[in-house]
Amino acid sequence: MSAKIIDGNALAREVRAEWKTRAERLIEQGVQPGLAVIIVGSNPASSIYVRSKAKACDETGIYSEIHDFPESASQDEVIQRIQELNRAPRIHGILVQLPLPNHFESRKVIEAITVEKDVDGFHLYNVGALVTGNTVFPPCTPFGVMKMLEKSGIAIEGRHAVVVGRSNIVGKPMALMLLEKGATITICTSKTHNLAEHTRRADILVVATGKPRMITADMVKPGATVIDVGINRMPDGKLTGDVDFESVKEKAGYLTPVPGGVGPMTITMLLCNTIAAAERTQARV
Ligand code: GUN
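Here's a quick rundown of the structure. In this numbering scheme, every chain counts its residues from 1 along its sequence in written order. With the structure being a predicted model, the display of local features is reserved for residues of pLDDT at least 70 and the display and counting of side-chain atom pairs for 80 or more, all residues being used for whole-chain, interface and lining totals. Water and hydrogen atoms play no part in the side-chain values, which are based on all heavy atoms of the structure.

**Some points on the overall build of the chain**
Logical step 1: A run of H or I in DSSP becomes a helix once it reaches four residues, and a run of E becomes a strand once it reaches two; helices and strands are each numbered from the N terminus. Helices and strands together make up the secondary structure of the chain, namely 10 helices and 11 strands.
Logical step 2: Atoms counted for the radius of gyration: C-alpha only. Globule rule: 2.2 Å times the number of residues to the power 0.38. Computed over the C-alpha atoms, the radius of gyration of the chain is 19 Å, within 12% of the 19 Å expected from 2.2 N^0.38 for a compact globule of 285 residues.
Logical step 3: Summarising its shape, the C-alpha atoms of the chain cover approximately 55 × 40 × 35 Å along the three principal directions.
Logical step 4: For the exposure calls, accessible area comes from a 1.4 Å probe over protein chains only, and a residue counts as buried if that area is under 20% of its type's maximum, exposed if over 50%, partly exposed in between. A buried classification covers 51% of the 285 residues belonging to the chain.
Logical step 5: Taking as baseline every contact in the chain between residues at least 6 positions apart, the subset at least 24 positions apart corresponds to 71%.
Logical step 6: Throughout, the Shrake-Rupley method with a 1.4 Å probe supplies accessible areas, and for residues the shown protein chains are the sole cover considered. Accessible surface for the chain amounts to roughly 13,300 Å². Of this, 52% is attributable to carbon and sulfur atoms.
Logical step 7: In this charge count, Lys and Arg are treated as positive and Asp and Glu as negative; neither His nor the chain ends contribute. We put the charge of a Lys on NZ, of an Arg on CZ, of an Asp on CG and of a Glu on CD. Of the side-chain charges in the chain, 33 are positive and 31 negative, and the distance between the mean point of each set is 2 Å. Any pair of residues with heavy atoms lying within 4.5 Å of one another is described as a contacting pair.

Right under this line is the structure:
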């Protein structure tokens, strides 16, 4: 059996078109959704992500600003800028690109973002809201995975979902979102003993470990849905996921590719959260 490949680019186009209409409605009312992205230092991967976020905003009718700080910037300076952006009426979403340089306490910087503009969903308030099932801004990558499952007609309730990875950005919120939809959850890490015994029990397997091709066909249940969140740059310059695509595609029922799978959905959900943040300001007037 060959897996159905979930086309993240096509799904992202579909979701962006739906939300572009919502952005246009706001613009007609005199409110253009606005996103501010803060980047500190010159991590090349972060610079690429930030530029693609700004481009995607442009294509969706969202105003965007990039606030670029040198590696030597102080934490106070960045927090002061966040406080200004918290008050800026043109800005509805604020995102601080991670990782920050080592002399920063990321938690303090993220907590400086007002909850209403925390479109990454990383502020402790929004994390708490996710735990209690009252999520305001779901973190973009797991939100994108949930959208992919929904758009592909993959049932969640009552099924066994295994998440490999325990990061605050993907693994933990992913498990909570699947749990909220009624899945039975197992959370593993790349260090879990007998990992294959757990992954082979997954109806839905989500992998976010940053270890290239660590999930091989023998670790997958026939017909399972396999979502690959990894993006690893190989020595030959090619991108590859955490799943061994070639072998797993012969075993899984559904599979996401890298690139062109979860990546485009992550940016899409950031656009959705920014437009939703702007809609909320309208609902308050
Ligand atoms: N770095 C890697 N992923 C993310 C993300 O989703 N948001 C932010 N702000 N930084 C990241």
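Now that the structure has been shown, the text picks up again.
**Brief notes about a positive patch on the surface**
Logical step 1: By definition, no residue in a patch forms a salt bridge, and every one has over 30% relative accessible area; like charges are joined within 9 Å, nonpolar side chains (Val, Leu, Ile, Met, Phe, Trp, Tyr) within 5 Å. Throughout this description, the term salt bridge denotes a Lys or Arg side-chain nitrogen within 4 Å of a carboxyl oxygen of Asp or Glu. A cluster of like positive charges, contributed by R166, K172, K191 and K211, occupies part of the molecular surface.
Logical step 2: In this fold, K191 is placed in the loop between β6 (184–188) and α8 (195–199).

**Some words on the pairing of strand β3 (residues 63–69)**
Logical step 1: Note: strand β2 (residues 34–40) against β3, 7 bridges, orientation parallel. In the sheet register, V37 faces β3, and the bridge partner there is I66.
Logical step 2: Crossover handedness for the path β2 to helix α2 (residues 44–60) to β3: right-handed. DSSP bridges decide pairing: two strands pair if at least two such bridges lie between them. By convention a crossover is right-handed if, when the strands point away from the viewer, the path from the first strand over the helix to the second runs clockwise.

**Describing unusual backbone geometry**
Logical step 1: Here the bond from L98 into P99 is cis, since omega is 5°, no more than 30 degrees from zero.
Logical step 2: Looking along the chain, the bond that leaves V258 and enters P259 is cis, with omega of -5°.
Logical step 3: Here N194, not a glycine, exhibits a phi torsion of approximately 50°, which is positive.
Logical step 4: You can see N194 is positioned in the loop between β6 and α8.
Logical step 5: Overall, N194 belongs to the exposed group, its relative accessible area being 52%.

**Concerning the nonpolar core**
Soluble globular proteins: nonpolar side chains tend toward being buried together.
Logical step 1: Think of a nonpolar core as a cluster: buried Ala, Val, Leu, Ile, Met, Phe, Trp, Tyr and Cys residues, connected wherever their side-chain atoms sit within 4.5 Å. Of all hydrophobic cores here, the largest spans 50 residues; its most connected members are L149, L178, I227 and V229.
Logical step 2: Looking at this core, the elements with two or more residues in it are α1 (8–28), β2, α2, α6 (140–151), β5 (160–164), α7 (171–180), β7 (204–207) and α10 (262–284).
Logical step 3: When residues of this core are assigned to their parent elements, the largest contribution, 11 residues, is made by α10.
Logical step 4: By size, the runner-up hydrophobic cluster in this structure holds 19 residues, among which are A3, V164, C188 and V243.

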